[in-house]
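# Structural overview
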Amino acid sequence: MITGKFISDYIENLCRRHKEIKHGVTGCHFVNLNDDKQQTAQAETLRYPAVMFEASGYTIVDKGGSYCKRHQCRLQVVTHVMDTGDYAEIETALSLCDTIFTDFLSRMIIDKRQRNPNWLLGLTMNNIEVIPIENKSNALYGVLAELYIPEPICITDNNNPFND
């Protein structure tokens, strides 16, 4: 069974290995927004660029009579700017975050081809919408995307726990 924790651990590992982020080496650059304890502890020590992950649940998908769970996750890549009025600095920040997000997708494609982790096999890269985000009050700029990851174990008629 896929959980947000599996996906979060994978994303955090990508943050450790990415050349720009270096999570753990140069401080905390990753936050799992589903983990209140981690979120609170790391809010004050977060370094940029940073990656924020959130699993927001799943939908049931009908694939011609077989039903599967499709997990919905949000991935944000943000960085801090010194001057929110400096549009060149903001554009550079947005470009950096977009590049990091694209690097993550590229690594996911490689890992999917290598079937490691196997839950990536269901990930489709089709129609992923990436939108720019800004938080002027905290001088944070970056990108946000939603990913949908189907669970390989489908719901079937054989899953009957009832005494019928």
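Note that the structure is predicted; figures quoted are calculated from it, not measured.

Strands sit in the order β1-β2-β3-β5-β4 across an open sheet of 5 strands; the sheet is mixed. At either end of the open sheet lies a strand with only one pairing partner, and these are β1 (28-32) and β4 (130-135). Strand after strand, the sheet turns through a mean of 25° between neighbouring axes, direction not considered. Of the pairings in the sheet, the one linking β1 to strand β2 (residues 46-63) comprises 4 bridges and is parallel in character. Looking across to β2, one finds that V31 is bridged to M52. Against the sheet, helix α1 (residues 4-17) engages β1, β2, β3 (66-80) and β5 (140-150), with an angle of about 145° to β2. Running at roughly 20° to β5, helix α3 (residues 87-113) makes contact with β2, β3, β4 and β5 of the sheet.

With that settled, consider the pairing of β4. Two strands pair when backbone bridges link them, and β4 and β5 are joined in this way by 6 bridges, in the antiparallel orientation. Note that in β5 the partner of V130 across the bridge is A145. Linking β4 back to β5 in an antiparallel pair, the connection comprises 4 residues, with A139 at a positive phi of about 55°.

What counts, and where the lines are drawn
- Residues numbered from 1 in each chain as written.
- Predicted model: local features only at pLDDT ≥ 70, side-chain atom pairs only at ≥ 80, totals over all residues.
- Heavy atoms only, no water.
- Pairing = 2+ DSSP bridges.
- Helix = DSSP H or I, 4+ residues; strand = E, 2+ residues; numbered from the N terminus.
- Axes fitted to C-alpha atoms, helices over the stretch in contact; angles between N-to-C directions.
- Contact = heavy atoms within 4.5 Å.

Interpretation in functional terms is not warranted from these geometric data alone.
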